[in-house]
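Observations on the model geometry
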Amino acid sequence: MLRSPIKYCKQCGTVVAYRLPDDGDTKERAVCTACNTVHYENPLNVVGTVPHWGDKVLLCKRNIEPRWGKWTLPAGFMELGETTAEGAARETDEEAGAQIEMQELFTLLNVVRVGQVHFFYRARLLSEQFNPGTETIEAKLFAEDEIPWDEIAFRTVKETLERYFADRRNGHYGIHQVDIV
């Protein structure tokens, strides 16, 4: 996994050691060498939407790294105190300035190598008017044959878009779970 290891205890600031905790856990954890606090490292949740208008979806051109200038669905890290759907709606507003009606969960993607879980909801756009935030260069609607596939920022977005258009052609939207290892 690409995340940096924990070095210091969040309770007392002492250096931690990676070892099996004394509580019978079977996985090495960051354990404080002074106060014995066990620090668990959990996946981060990324939440977003597949905003659609007729036969088109809304994509945002990134104004931030990683993948500056590439296209993505509106999404970002979930915050404490919000549900996955609330976070997805917030990210859609922040990145695209799009007004939506939230629909059902569409994809759940486990990105094991970076310790993330991505959740995308379908969302019906209520307007073709967008007001992108500072993280977005441009927000634009694309039909399937207009998608800049070689300019998609993340594999999770590509996987979600491919499933969205396949389901659209079939006339039925399912819930898709994908493991990206």
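Presented here is an overview of the structure given in this document.

Definitions and limits used
- Residues numbered from 1 in each chain as written.
- Predicted model: local features only at pLDDT ≥ 70, side-chain atom pairs only at ≥ 80, totals over all residues.
- Heavy atoms only, no water.
- Helix = DSSP H or I, 4+ residues; strand = E, 2+ residues; numbered from the N terminus.
- Contact = heavy atoms within 4.5 Å.
- Areas by Shrake-Rupley, 256 points an atom, 1.4 Å probe, with all protein chains shown as cover.
- Lys, Arg positive; Asp, Glu negative; His and termini not counted.
- Charge placed at Lys NZ, Arg CZ, Asp CG, Glu CD.
- Expected span 1.5 Å × (residues − 1).
- Buried < 20%, exposed > 50% of the residue type's maximum accessible area, 1.4 Å probe, protein only.
- Phe/Tyr/Trp six-rings, centres within 6.5 Å; stacked < 30°, edge-to-face > 60°.
- Salt bridge = Lys/Arg side-chain N within 4 Å of Asp/Glu carboxyl O.
- 1 Å grid on protein atoms, 1.4 Å probe; cavity = no way out; pocket = protein on both sides within 12 Å on 5 of 7 lines; lining within 4 Å.
- Points joined across faces, edges and corners; volume = space filled by probe spheres on them.
- Nonpolar A, V, L, I, M, F, W, Y, C, P; charged D, E, K, R; others polar.
- Pairing = 2+ DSSP bridges.

**Comments concerning the overall build of the protein**
- Broken down by element type, the protein carries 2 helices and 11 strands.
- Along the protein, helices (α) and strands (β) appear in the sequence β-β-β-β-β-β-β-α-β-β-β-α-β when read from the amino end.
- Taking the principal axes of its C-alpha atoms as reference, the protein extends roughly 60 × 35 × 30 Å.
- Excluding contacts between residues fewer than 6 apart, the proportion of contacts in the protein whose partners are at least 24 apart in sequence is 60%.
- For the protein, the accessible surface area stands at approximately 10,000 Å², while carbon and sulfur atoms represent 49% of it.
- Distance from the positive charge centre (21 side chains) to the negative charge centre (28 side chains) of the protein: 4 Å.

**Some remarks on helix 1 (residues 84-96)**
- End to end, helix 1 covers 18 Å across 13 residues, agreeing with the expected 18 Å (1.5 Å per residue, within 8%).
- Every buried residue of helix 1 is listed here: Thr84, Gly87, Ala88, Arg90, Glu91, Thr92, Glu95 and Ala96.

**Digging into the packing of aromatic side chains**
- Scanning all chains against the criterion turns up 5 aromatic pairs.
- Relative to tyrosine 173, the ring of tyrosine 164 has its centre 5.4 Å away and its plane inclined at 25°; by these criteria the two rings are stacked.
- Taking relative accessible area as the criterion, tyrosine 164 reaches 1% and is therefore assigned buried.
- Using a relative accessible area of 24% as the deciding quantity, one classes tyrosine 173 as partly exposed.
- Grouped by ring-pair contacts, the aromatic residues Phe106, Tyr164, Phe165 and Tyr173 constitute a single cluster.

**Here we look at the pattern of salt bridges**
- Overall, the coordinates contain 12 salt bridges when judged by the stated rule.
- Across the pair arginine 90 and glutamate 94 runs a salt bridge, and its minimum N-O distance is 3.3 Å. Taken together, the residues arginine 90 and glutamate 94, both in helix 1 and 4 residues apart, mark about one turn of the helix.
- The residue arginine 122 makes a salt bridge to glutamate 104 at a minimum N-O spacing of 2.6 Å. With arginine 122 in strand 9 (residues 116-125) and glutamate 104 in strand 8 (residues 100-111), this residue pair connects regions lying 18 residues apart in the sequence.
- You can call glutamate 104 partly exposed: its relative accessible area is 34%.
- Overlapping salt bridges bring together Glu82, Arg90, Glu91 and Glu94 as one network.

**Quick notes on empty space enclosed by the protein**
- All chains considered together, the criterion is met by 1 cavity of 30 Å³ or more.
- By volume, the largest cavity is sized at about 30 Å³.
- When residues of the lining of the largest cavity are assigned to their parent elements, the largest contribution, 3 residues, is made by strand 5 (residues 56-62).
- The residue inventory of the lining of the largest cavity, partitioned by class, reads 2 nonpolar, 2 polar and 4 charged.

**Focus on the sheet that holds strand 3 (residues 38-39)**
- Ordered in space as 1-2-3, the 3 strands form an open sheet in which the pairing is antiparallel. Because the sheet does not close on itself, it has two edges, and the strands there are strand 1 (16-19) and strand 3.
- Sheet topology places strand 1 next to strand 2 (residues 29-32); 4 bridges connect them, and they run antiparallel. Pairing of tyrosine 18 across the sheet is with alanine 30, part of strand 2.

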